[in-house]
Amino acid sequence: MDVNKIRRDFPALNDKETVYFDSACQSLRPQVVLDAMNEYYQHFPACSGRSMHHFAAKVTQKVEDARISLIKFLNAAKKEEIVFTRNTTEGINLVANTLFFKPGDVILITDKEHNSNLIPWQKLCRQKGTILKIVPTHPDGTFDLDAYTKLLDPRVRLVSFGHTSNLDGVTIPAAEIIKLAHQNGSLVMLDAAQSAPHRQLNVRNLDVDFFAFSGHKLMGPSGTGVLYAKYKLLEEMEPFMVGGDTVASSTYESADFLPPPEKFEAGLQDYAGIIGLGAAVEYLQKIGFNAIQKHELELNQAITVGIRAIPGLKFIGPADPALRGGITTFYIDGIDSHRIALMLDQMRGIMCRSGQHCVHSWFHSRGITGSVRASAYIYNTLEEAQLLVDHLIKIRKVL
Amino acid sequence: MFCIVAFIVLSILGIFSAANRRLAKEAMDCVFRRITFRPCNTGFDEKMKAKILGKVIMRSEKLASFINKRFEILAWAFFVIGMAALVMSVRGLVLFYTTGSCNGANSEAFCVFDPTGANNDVSDLGGTCPVVPKTIENLTLEGVDVQSFPTRYANGTGKKIIFIGCYSCDYSRATYPLITKLAKRYNTPLAYLEYPVKLHSDYLNKVGYCAYQQEPYKYYWLFNDAIFAAEKSQIEDQSFIVQTLADLGFDMPKLQACIADPATTTVVESQMEQIRGTNFYGTPTVFIGDEVFVGPKPYRVYAIALKGFFYWLRK
């Protein structure tokens, strides 16, 4: 993989002072994605699937092409299993609001879920009397299969885990988890916001029931996302939001809903975004996930080795960078994480995330105020990793 | 403490930049929380500290370390300096308003509101007298028989204005209309003490004296007003003076006789001696009550000395 060649695809990297290590929050976009979006606005800015004119035909075709790209990206069985959303959060909320739950049903999540995979379930518990149970992870952040197995019982209706943690980059053993859940009669949802951009996905091999991810973390446009779900489940689920484009017909008294995915895609969609998302997954597939993972590991190793000797620095997650994907999260006792991140930006334009990364529950339970997260992607170089290390060492000397 | 310092500094910088205005608003929010005894949880101070350290560390790690360790102390120091500067600025502003100089009455030290020092310029006595130290401490009216000098609105009330001026001096010419306007506005006695700083206007001194002797009420003052209103080149021309006096209806032969009379010379020299006895060092010098102003001050300065800070409210 030629990183320098890849970097030329990203207009945001034209400024040599830009060192972007915040891809876990939002990735940069290659020109091909921007072009795909611009093409829509410049050449066929119309509605999909409604009008009969040639603009409409073109945009309908492009949106369907994007859906097919996503089938290939996920290895889904059919395009009807791909529901376009605005982001992972919307995908999870869609399931929480439309899957049939009854009082006493148990939902399992881990102890380090993003708020997007915590708050919807808390709300569901309040509204429908379901029970939310937390599966503790090992002290190093890796998944505790024993603890999970102990909590699996017939009342567990849904297991909803983050596939790869945005906190520490740890990826859970999804296949084993799903197998155990299905043996228990439970459904499984994976929050794939952090895994979809970095690893080869195969929803059929995983046999996962629901799989949600965002476009903005995998080089796609902001405000785009996908919920994959098995078709049978989608058929059973009631629509989440309703209105235009979700029905075949309506009377003053009732409506005749369209089959999935249309019944879940209410209102005029972000066609430019969807087309851009299709371009993004194609771009990623061209590069290849083996190369992506190999590169991220090299970067993570360089950063980990470089900073682990810094006095007072503690990693969040396993010590082995191979278990953390492209994410390195750390904190230094007594030093505000925001200060470190701001200084990195001020000193050399190095952009990292600081704070609690929307995993407040994990930080509160451990009495940690915040951390700095450096998340690498394919456009980061080893030189940038070294810059990050050098500047962190310098900051530690001063603070 | 840092929030307060930042608020002051950023508010000033905010005049010139929108980015600083945004930061100033953040600082204000932080200050507001502090003064209402709530923690400043806006992250503003942390953000600014990081920004400052981020800049400094690239130049000197030692300096960055110093700032980091003593950030609060430095903030306090800046606060104290800032407050002192603010107090000094307000004081300077008030002094400028009341005396025409930021540093107190008649001070020639630099004043940002009067950068050229125009309010303290004087027509120096120069070669006409021994060099007089430029200090107002020695200025006094003791030994001056003010009654013997021309006085306008003699029946007026309140503090008396004593104006030592010079017909041909620019600063006196600038000040005279202000002083006469003030005296008229508040019906205040105004004594005019002519001291010809420039030798070629010596003649006018005697003319003024004799004119006052002949008609001390209306016409002398009309003559005085006319001389101050005329071009400088005109008042150096004796024929213009004669014509002006004639036009005002003065008895010219009598006036000429008075001017030529050695007794007039004696009296005028005596008056000049009295004026020199005030230890003044240039014109205009204006005494209003216990205060004295050297140099051409703005109208408000004389008015405040006469009627107080809110002079415009007084009748």
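Every value quoted in this text rests on a predicted model; they were computed, and no experiment measured them. (Residues numbered from 1 in each chain as written. Chains lettered and ligands numbered in written order. Predicted model: local features only at pLDDT ≥ 70, side-chain atom pairs only at ≥ 80, totals over all residues.)

All names here are of chain A. Each domain of chain A was delimited in the assignment, giving domain 1 (32–286) and domain 2 (288–398). Between the C-alpha centres of domain 1 and domain 2 there is a distance of 28 Å. Each side of the interface is counted separately: domain 1 has 18 residues, and domain 2 has 19 residues. Residues of the side of domain 1 that touches domain 2, tallied by class, amount to three nonpolar, ten polar and five charged. (Domains from an automatic or database assignment. Contact = placed C-beta atoms within 7 Å. Nonpolar A, V, L, I, M, F, W, Y, C, P; charged D, E, K, R; others polar.)

Another aspect to go through is the pairing of strand β8 (residues 225–229) of chain A. Residues and elements named next belong to chain A. Summarising burial for β8: five of the five residues are buried, a large majority. The alternating pattern of β8 places Gly225, Leu227 and Ala229 and Val226 and Tyr228 on opposite faces, both of which are buried. Bridging between strand β2 (residues 82–85) and β8 involves four bridges; their strand directions are antiparallel. Its bridge partner lying in β8, Val83 is registered against Leu227. (Buried ≥ 20, exposed ≤ 12 C-beta atoms within 10 Å, placed from the backbone. Helix = DSSP H or I, 4+ residues; strand = E, 2+ residues; numbered from the N terminus. Pairing = 2+ DSSP bridges.)

As a further point, take the interface of chain A and chain B. The interface is formed by eleven residues belonging to chain A together with 15 residues belonging to chain B. Residue assignment for the side of chain A that touches chain B shows that the elements contributing at least two residues are α12 (337–348) and α14 (382–398) of chain A. No other element matches α12 of chain A, which puts six residues into the side of chain A that touches chain B. Its residues assigned to classes, the side of chain A that touches chain B shows five nonpolar, two polar and four charged.

All right, on to the domain arrangement of chain B then. Size of an interface: often given as the accessible area lost when the parts come together. Taken domain by domain, chain B holds domain 1 (2–99) and domain 2 (121–313). The distance between the C-alpha centroids of domain 1 of chain B and domain 2 of chain B comes to 53 Å.

We now examine the sheet that holds strand β14 (residues 353–355) of chain A. Residue and element names in this part refer to chain A. Read across the sheet, four strands follow the order β11-β12-β15-β14 without closing on themselves; strand pairing throughout is antiparallel. Single-partner strands in this sheet number two, and they are β11 (313–316) and β14. For this sheet, the mean inter-axis angle between neighbouring strands, taken without regard to orientation, is 25°. Sheet topology note: the β11/strand β12 (residues 327–332) ladder contains four bridges and is antiparallel. By the bridge assignment for β12, Leu313 is matched with Ile332. Here helix α11 (residues 289–307) sits on the sheet in contact with β11, β12 and β15 (371–375), set at roughly 15° to β12. Against the sheet, α12 makes contact with β12, β14 and β15, and its axis sits at roughly 160° relative to β14, the strand it touches most. (Axes fitted to C-alpha atoms, helices over the stretch in contact; angles between N-to-C directions.)

What follows concerns helix α3 (residues 54–74) of chain A. Residues and elements named next belong to chain A. Here α3 contains 21 residues, and its C-alpha end-to-end distance of 30 Å stays within 8% of the 30 Å for a straight helix at 1.5 Å per residue. Buried within α3 we find Val59, Lys62, Val63, Ala66, Arg67, Ser69, Leu70, Phe73 and Leu74. Around the axis of α3, the buried residues are gathered within 155° of arc, so they sit on the same side. With respect to the buried face of α3, the exposed residues turned more than 90 degrees away are His54, Gln61 and Lys72. Summarising the contacts, the buried residues of α3 are in contact with α2 (31–43), β2, α8 (203–206), β7 (210–214), β8 and α10 (271–287). (Expected span 1.5 Å × (residues − 1). Arc of directions from axis to C-beta.)

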